[in-house]
Amino acid sequence: YGDWSSDVCSSDLQPSRPTPTSSALLLTRRLVEAQYRGLATTLHDVQEERGLRVVMVSSAVPREGKTATIVNLALMLSTGHQKRVLLVDADLRRPSIHQAFGLTRAPGLSDLLRRGTGQGWPVAEVATNLHVLSAGTSDGRMSHITSDAMRADTSRIRDSGGKMQPRSRSAS
């Protein structure tokens, strides 16, 4: 194998494109935050004008930024606008909101739909004004996500007025 390291100089290892500097990354982060802040402000204004209470983010294609978008909106609305937010992860196939907040996946929405609300809702308070309902454990069936129980529980959760049962933040 020999000593090949002496044959390679450091300039041979440099990338062909410049790498972003920390100031460029900071600028990018500030621009992204400004976009989310602007979207949150628009939603807040619509909520005030028209009584908007539910926002859903969806996509037909995976990895388009649904989780990043809804998590950032929830944070902006709960902290910047002092709105009470319940973030529900209804993606039972590839849930990820629980990971963004260091929560367990279960119990969650699917468990709530299977057992009912008699024991309270497995909602975690992750910040002031921000609660998260994880997706829960999936049994492979998606039919309960469009069921009458889902509609009824969604209405109850939406109208609960903060009387949700918090759970611990332990991650798995």
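Refer to the preceding data block for the structure.
Here is what the cut-offs are and how they apply
- Residues numbered from 1 in each chain as written.
- Predicted model: local features only at pLDDT ≥ 70, side-chain atom pairs only at ≥ 80, totals over all residues.
- Heavy atoms only, no water.
- Helix = DSSP H or I, 4+ residues; strand = E, 2+ residues; numbered from the N terminus.
- Contact = heavy atoms within 4.5 Å.
- Areas by Shrake-Rupley, 256 points an atom, 1.4 Å probe, with all protein chains shown as cover.
- Salt bridge = Lys/Arg side-chain N within 4 Å of Asp/Glu carboxyl O.
- Buried < 20%, exposed > 50% of the residue type's maximum accessible area, 1.4 Å probe, protein only.
- Pairing = 2+ DSSP bridges.
- Polar contact = N/O pair within 3.5 Å; in protein donor to acceptor, adjacent residues only side chain to side chain.
- Axes fitted to C-alpha atoms, helices over the stretch in contact; angles between N-to-C directions.
- Expected span 1.5 Å × (residues − 1).

**Digging into the overall build of the protein chain**
And then number 1: Tallying secondary structure elements over the protein chain gives five helices and three strands in all.
And then number 2: Sequence-distant contacts in the protein chain: of pairs separated by 6 or more residues, those separated by 24 or more amount to 75%.
And then number 3: For the protein chain, the accessible surface area stands at approximately 11,400 Å², while carbon and sulfur atoms represent 53% of it.

**Concerning the pattern of salt bridges**
And then number 1: Counted by the stated rule, this structure contains two salt bridges.
And then number 2: Residue Glu33 pairs with Arg29 through a salt bridge whose shortest N-O separation is 3.0 Å. Of this pair, Glu33 and Arg29 are both found in helix α1 (residues 22–50), four residues apart, which corresponds to roughly one turn of the helix.
And then number 3: Classification of Glu33 as partly exposed rests on a relative accessible area of 27%.

**Here we look at the pairing of strand β1 (residues 85–88)**
And then number 1: Only one face of β1 is covered, namely the face carrying Val85 and Leu87; the face carrying Leu86 and Val88 is uncovered.
And then number 2: Sheet topology places β1 next to strand β3 (residues 130–133); four bridges connect them, and they run parallel. Note that in β3 the partner of Val88 across the bridge is Leu133.

**Describing the side chain of Lys83**
And then number 1: Assignment of secondary structure puts Lys83 in the loop between α2 (66–80) and β1.
And then number 2: At 2.6 Å, the side chain of Lys83 forms a polar contact with the side chain of Glu48.
And then number 3: Setting aside chain neighbours within four positions, we find Lys83 in contact with His44, Gln47, Glu48, Leu77, Ser78 and Asn129.

**Describing the side chain of His44**
And then number 1: Along the polypeptide, His44 turns up in helix α1.
And then number 2: If we ignore the near neighbours within four places in the chain, the residues touching His44 are Leu77, His81 and Lys83.

**Section: the sheet that holds β1**
In a beta sheet, neighbouring strands pair by backbone hydrogen bonds and run either parallel or antiparallel.
And then number 1: Sheet architecture is open: three strands sit in the order β1-β3-β2, paired in mixed fashion. The sheet is open, and its two edges are formed by β1 and β2 (124–127), each paired on a single side. Going from strand to strand, the sheet's axes swing by 30° on average, the running direction of each strand aside.
And then number 2: Lying on the sheet, α2 is in contact with β1 and β3; it crosses β1 at an angle near 170°.

**A look at the pairing of β2**
And then number 1: Note that β2 and β3 share three bridges and pair antiparallel. From the neighbouring strand, Ala124 faces β3, where its bridge partner is Val132.
And then number 2: Counted along the chain from β2 to the antiparallel partner β3, the turn is two residues long, and its residue Asn129 has a positive phi close to 70°.

**What about α1?**
And then number 1: With 29 residues, α1 extends 42 Å from end C-alpha to end C-alpha; this agrees with the ideal 42 Å at 1.5 Å per step.
And then number 2: Within the span of α1, buried status applies to Tyr36, Ala40, Leu43 and His44.
And then number 3: With its phi angle positive at about 75°, Gly51 sits one or two positions after the end of α1.

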